[in-house]
Amino acid sequence: MAESPPRANSWWTWPRSLLLALALGTLVSLPSLRVGLLLDDLVHRLALSGQVAGLGDWGPLTLYEFVGGPRTDPQRLREAGLLPWWTSDTLSIRFFRPIPSALLSADEWLFGDAPLPAHLHSLAWFLGLVSVVGWLHRRLLPAPVAALATVLHAIAAAHLFPVAWLAARHPLVSALLGLLALAAHLRAREDSWAPGRVLAPLALALALLSGEAALSAVALLGAYELFGRRDPLRTRVRWLAPYAVLVIAYLLFYATQGYGARGSGGYLNPIAAPGDFLATLLQRVFILMGELVVATPSDAAAGTPASHAGFAAWGALTSALVLLMFRAIRPLLSEQEQHSLHWLIPGGIAATLPGAAGIIGGRVLMVPLLAGSALIATLILRGWTAAREAQRPRRHRLLLWTAVSALVLGHCLLGPAFRVGLGISLGRLADAQWRIAREAPPCKGTLVLVAAADPSISLYVPAAMALQGRAPQHYRLLSAAPHDHVLERTSAHAFDLIVRGTPRNLGFWEQVNRDVPPPPGSRLTLGDLLVTVKESTDTGFTRASFDFGRPLESDAFCFVTWSDTGLRRIDLPAPGQHLALPYSRGPAGM
C-alpha cells in the first residue's frame with residue numbers, strides 16, 4: 001500500500017511525534033510523582049539505614065538480594081521475624097541488579113527520605129526509554145504508524161509501577177539499555193555503522209547488570225536475525241555470537257552464584273517441576289498477552305492467584321481475535337510494515353517469557369511493548385482504512401469497526417485511565433502504610449499479628465514502624481490467608497488458628513514465601529514459639545497450633561489483627577473459648 005507523505009507540520013512527523021509521546025507519557029505519570037515510599041522501598045531504606053545489618057549482607061549494590069544469600073538464609077530471617085513461619089527452608093529470592101541498586105542507594109544518599117526527586121529520576125529513565133522506542137518505531141514503520149505506536153507505548157498502563165514505585169525502576173533501566181543495544185545493532189547491520197558492533201554488546205552487558213528485562217531485548221535481537229534478515233545463516237549466527245557469549249556468561253554466573261528464585265510459588269523453577277513450569281508459564285504468557293493486545297492490566301491479576309486462569313483465558317481469546325484481524329488487514333500493509341512485523345511479532349512474544357517466569361505485572365513488558373505497540377498501531381490505522389472500503393461486505397466492515405473501536409478504547413482510554421487511577425491509589429497506599437505504622441499499638445515485646453492477608457500490612461507496616469523508631473523487640477505473623485479466621489484458645493499459653501473458607505484460597509504472601517504448603521504434622525520452633533500444622537490443603541494450612549511457651553496475657557506479647565483501617569489490639573479469649581476474626585482487605589486490596 002502506497003504511503004502519502006505526512007505534512008511537514010503534522011504531529012505524525014518526527015520529532016514532533018516524539019514530543020507528543022513524551023508529553024502524554026508525562027501527563028499520565030503525574031499522579032505517580034506524588035507516591036511516597038512504599039512496599040519494597042521500605043525494605044530497601046531499612047537495609048540502607050543499617051538497622052538490619054546484623055541479619056544480612058544487604059548493601060548499596062545488593063538491595064535486590066532479598067533472601068537466600070550467604071548471610072540471609074531463610075531460617076535466620078524467619079527466626080528474626082523478617083519472614084513468616086511458613087517460609088520454605090529452601091526459599092531463595094536473589095536478583096543480580098547492581099546498577100539499579102546503586103541508583104537507589106544514590107537516591108537515598110542525595111535526597112534522603114524525599115520521594116519526589118527520586119521519582120523524577122525514574123521519570124527521566126522512562127522518558128529516555130520512550131525516546132529510544134520512538135527512534136526504533138520511526139526506523140521500522142511508516143511515519144503515521146510509528147507516531148501512533150510511540151504514543152501507545154508512552155501512555156501504556158504497564159509503565160505504572162516502574163515510574164511510581166522506586167523499587168520497580170529496574171525494568172526501565174534494563175529495557176532502555178537493552179533497546180539501545182537493539183538500536184545500535186540495527187544501525188550496524190543496515191547502515192554499516194562500525195561503532196554499533198562494539199556499542200551494541202556493551203549496552204547489552206550494562207542491561208544485564210540492570211535486570212532480567214535485558215533477556216527480553218535478546219529475544220528481539222534474535223528475532224531480528226532469524227526472521228528479519230535474509231543473509232546466509234552463518235552470517236546471522238556470527239552477528240548473534242557476541243550476544244550469545246554475554247548471555248551464556250550471565251546465566252552461568254547467575255546459576256553458580258545462587259541468583260534467581262527457588263522455593264517460591266510466585267517465581268517459576270523449570271528444574272524442580274518441568275511440567276508445572278510449562279503450564280504456569282503458558283498461563284502467565286497469555287495474561288501478559290492480554291495486556292499487550294487489548295490493554296487488560298496484568299497488574300490486576302498479580303496479587304490474586306485465583307484469578308490467573310480467567311485472565312489467561314481472556315488473553316488467549318483476545319490474542320486469537322487480534323491474529324484474525326491481522327490476517328484480514330495484511331494485504332493493506334506496506335512492504336516496510338510487513339517486513340518489520342514479521343520479526344517484531346515473534347520477538348515480542350518471545351520477549352514475554354523472561355517476565356512470565358516471575359511475578360507477573362506490567363513492569364515486565366517494557367521491552368515487549370516495543371513490538372506490541374507497533375502491532376496495535378498498525379491494526380488501528382490499517383483496520384480503520386479497511387473498515388471504510390465500500391467493496392468489503394458490510395458484516396466484515398462492522399467487525400473491523402468493532403475491533404478498531406475496542407483497541408482504541410483499551411489502549412487510548414481504559415489503559416491510561418487505569419494508570420492514572422492506580423497511580424493515585426498507590427499514593428494513598430503509601431500514605432496509609434505510614435499512617436497505620438504511626439497508629440499501631442505500641443509494643444515493647446513481641447508484636448504478634450494474628451491475621452493480615454495484605455502484604456502491605458503484614459510485611460511493610462512493620463518495616464515502616466522500624467523506620468519511624470517504633471519497632472517492637474520481635475515480630476511474628478501467624479496467617480496471611482485471605483479468609484475469615486477463628487482463634488480457639490487451647491491452654492494458658494497456646495491457641496489454634498482456624499482458616500474459614502471453601503475453597504481455601506492462596507494468599508499472595510503465602511505464595512511468594514513457599515512453593516508447597518506445609519503438610520499436616522509439620523512442626524517448627526521459633527524461639528519460644530512452637531507451630532504445629534494440624535490441617536492443611538494444597539493451598540495452605542487450615543488449622544495450626546501456636547504454643548508461645550508462656551502465659552499469653554504476659555506483657556511480653558502484643559496481639560493484634562488487621563481490621564478495616566488499622567492494626568487492632570485483640571483481647572484473647574479464655575481457654576476453651578474462641579474469637580472470630582473477620583477477613584477485611586488491606587490498603588492494597590488483598
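Relevant structure appears above.
Okay, so let's go over this structure. Keep in mind that what you see is a predicted model, and the values were worked out from it rather than measured.

## Remarks on the overall build of the protein
Moving on, step 1. Each helix and strand counted, the protein has 21 helices and 13 strands in total.
Moving on, step 2. Over its C-alpha atoms the protein spans a radius of gyration of 26 Å, differing by no more than 12% from the 25 Å that the globule rule assigns to 590 residues.
Moving on, step 3. With respect to the three principal axes, the spread of C-alpha positions in the protein is 85 × 55 × 45 Å.
Moving on, step 4. Counting only residues that meet the buried cut, the protein has 56% of its 590 residues in that class.

## Side note on the state of the cysteines
Moving on, step 1. The tally for this structure, following the rule as stated, stands at one disulfide.
Moving on, step 2. A sulfur-sulfur distance of 2.3 Å marks the disulfide that ties cysteine 443 to cysteine 558. Taking the sign of the S-S torsion, 95° for the link of cysteine 443 and cysteine 558, the bridge is right-handed. With cysteine 443 in the loop between α18 (394–439) and β4 (446–449) and cysteine 558 in strand β11 (residues 557–563), this residue pair connects regions lying 115 residues apart in the sequence. In terms of burial, cysteine 443 and cysteine 558 fall into one category: buried.

## So, unusual backbone geometry
Moving on, step 1. With an omega of 5°, the peptide bond running from tryptophan 14 to proline 15 counts as cis.
Moving on, step 2. For proline 15, the position within the fold is in the segment before α1 (16–29).
Moving on, step 3. The omega torsion of the bond from threonine 502 to proline 503 falls at -5°, within 30 degrees of zero and hence cis.
Moving on, step 4. Relative to the assigned elements, proline 503 resides in the loop between β7 (494–500) and α21 (508–513).
Moving on, step 5. Even without being glycine, alanine 295 reaches a positive phi, approximately 60°.
Moving on, step 6. Topologically, alanine 295 is positioned in the loop between α12 (274–294) and α13 (299–302).

## Quick word on the sheet that holds strand β3 (residues 260–262)
Moving on, step 1. Across the sheet, which stays open at both edges, the three strands sit in the order β1-β2-β3 with antiparallel pairing between neighbours. The sheet is open, and its two borders are formed by β1 (65–67) and β3, each paired with just one other strand. Strand after strand, the sheet turns through a mean of 15° between neighbouring axes, direction not considered.
Moving on, step 2. Bridge count between strand β2 (residues 92–94) and β3: three bridges; the pairing is antiparallel. Counterpart to isoleucine 93 in the pairing with β3 is alanine 261.

## Structural notes on the packing of aromatic side chains
Moving on, step 1. One pass over the structure, following the stated rule, counts 18 aromatic pairs.
Moving on, step 2. Judged by centre distance (6.0 Å) and plane angle (70°), the ring pair of phenylalanine 495 and phenylalanine 559 falls under edge-to-face. Taken as a pair, phenylalanine 495 in strand β7 and phenylalanine 559 in strand β11 lie far apart in primary sequence, 64 residues in all. Take phenylalanine 495 and phenylalanine 559: they sit in the same class, and that class is buried.
Moving on, step 3. When the centroid spacing of 5.4 Å and the interplanar angle of 85° are considered together, the rings of phenylalanine 548 and phenylalanine 559 count as edge-to-face. On the criterion of sequence distance, the pair formed by phenylalanine 548 in the loop between β10 (540–547) and β11 and phenylalanine 559 in strand β11 is long-range, its members being eleven residues apart.

## Description of helix α20 (residues 460–467)
Moving on, step 1. Of all eight residues in α20, seven are buried, a share of seventy percent or more.
Moving on, step 2. The set of residues buried in α20 consists of Tyr460, Val461, Pro462, Ala463, Ala464, Met465 and Ala466.
Moving on, step 3. As for α20, its buried residues are in contact with α2 (40–49), α18, β4, α19 (455–458), β5 (474–477) and β12 (566–569).
Moving on, step 4. Within two residues after α20, glycine 469 carries a phi angle of roughly 80°, on the positive side.

## Observations regarding the sheet that holds β5
Moving on, step 1. Taken together, four strands build an open sheet; the order of strands is β5-β4-β11-β12 and the sheet is mixed. Edge positions in the sheet fall to β5 and β12, since each has one partner strand and no second. When strand polarity is set aside, the average angle formed by the axes of neighbouring strands in this sheet is 30°.
Moving on, step 2. Bridging between β11 and β12 involves four bridges; their strand directions are antiparallel. Within β12, the position partnered with tryptophan 562 by the bridge is leucine 567.

## Description of the environment of serine 340
Moving on, step 1. Note that serine 340 resides in helix α15 (residues 335–351).
Moving on, step 2. Since its relative accessible area comes to 3%, serine 340 is described here as buried.
Moving on, step 3. Note: C-alpha distance between serine 340 and leucine 323 (17 residues apart in sequence) is 16 Å.
Moving on, step 4. Not counting residues within four places of it along the chain, the set of residues in contact with serine 340 comprises Leu140 and Leu141.

## Quick look at the nonpolar core
Moving on, step 1. Ranked by size, the top nonpolar core spans 178 residues in total, and within it Leu179, Phe546, Phe548 and Phe559 carry the most contacts.
Moving on, step 2. It is helix α17 (residues 368–387) that provides the largest number of residues to this core, a total of twelve residues.
Moving on, step 3. With sequence-adjacent residues up to four places away left out, phenylalanine 548 is seen in contact with Val448, Leu478, His493, Phe495, Asp528, Leu529, Phe557 and Phe559.

## Focus: the pattern of salt bridges
Moving on, step 1. Summed over the entire model, instances satisfying the criterion amount to 21 salt bridges.
Moving on, step 2. Salt-bridge contacts for glutamate 553 lead to arginine 489; the nearest nitrogen and oxygen are separated by 3.0 Å. One end of the pair, glutamate 553, is in the loop between β10 and β11; the other, arginine 489, is in strand β6 (residues 484–491), with 64 residues separating them in the sequence.
Moving on, step 3. Relative accessible area serves as the criterion here: at 52%, glutamate 553 is assigned to the exposed category.
Moving on, step 4. Residue arginine 489 is classed as buried on the basis of its relative accessible area of 3%.
Moving on, step 5. Note that lysine 534 and aspartate 496 form a salt bridge whose closest N and O atoms lie 2.8 Å from each other. Pair noted here: lysine 534 is in strand β9 (residues 529–537) and aspartate 496 is in strand β7, with a separation of 38 residues, a long-range link.
Moving on, step 6. Here lysine 534 falls in the partly exposed class, since its relative accessible area comes to 41%.

## Section: the pairing of β6
Moving on, step 1. As paired elements, β6 and β7 share seven bridges and run antiparallel to each other. Within the sheet, the bridge partner assigned to serine 491 lies in β7 and is alanine 494.
Moving on, step 2. Linkage of β6 to β7, two consecutive antiparallel strands, is achieved through a turn of two residues.
Moving on, step 3. Looking at chain direction, β6 and strand β13 (residues 578–581) are connected through four bridges and run antiparallel. Across the sheet, the residue bridging to leucine 487 is leucine 579, located in β13.

Scoring rules and cut-offs
Residues numbered from 1 in each chain as written. Predicted model: local features only at pLDDT ≥ 70, side-chain atom pairs only at ≥ 80, totals over all residues. Heavy atoms only, no water. Helix = DSSP H or I, 4+ residues; strand = E, 2+ residues; numbered from the N terminus. Rg over C-alpha atoms; globule rule 2.2 N^0.38 Å. Buried < 20%, exposed > 50% of the residue type's maximum accessible area, 1.4 Å probe, protein only. Disulfide = S-S within 2.5 Å. Pairing = 2+ DSSP bridges. Axes fitted to C-alpha atoms, helices over the stretch in contact; angles between N-to-C directions. Phe/Tyr/Trp six-rings, centres within 6.5 Å; stacked < 30°, edge-to-face > 60°. Contact = heavy atoms within 4.5 Å. Core = buried A, V, L, I, M, F, W, Y, C linked by side-chain atoms within 4.5 Å. Salt bridge = Lys/Arg side-chain N within 4 Å of Asp/Glu carboxyl O.

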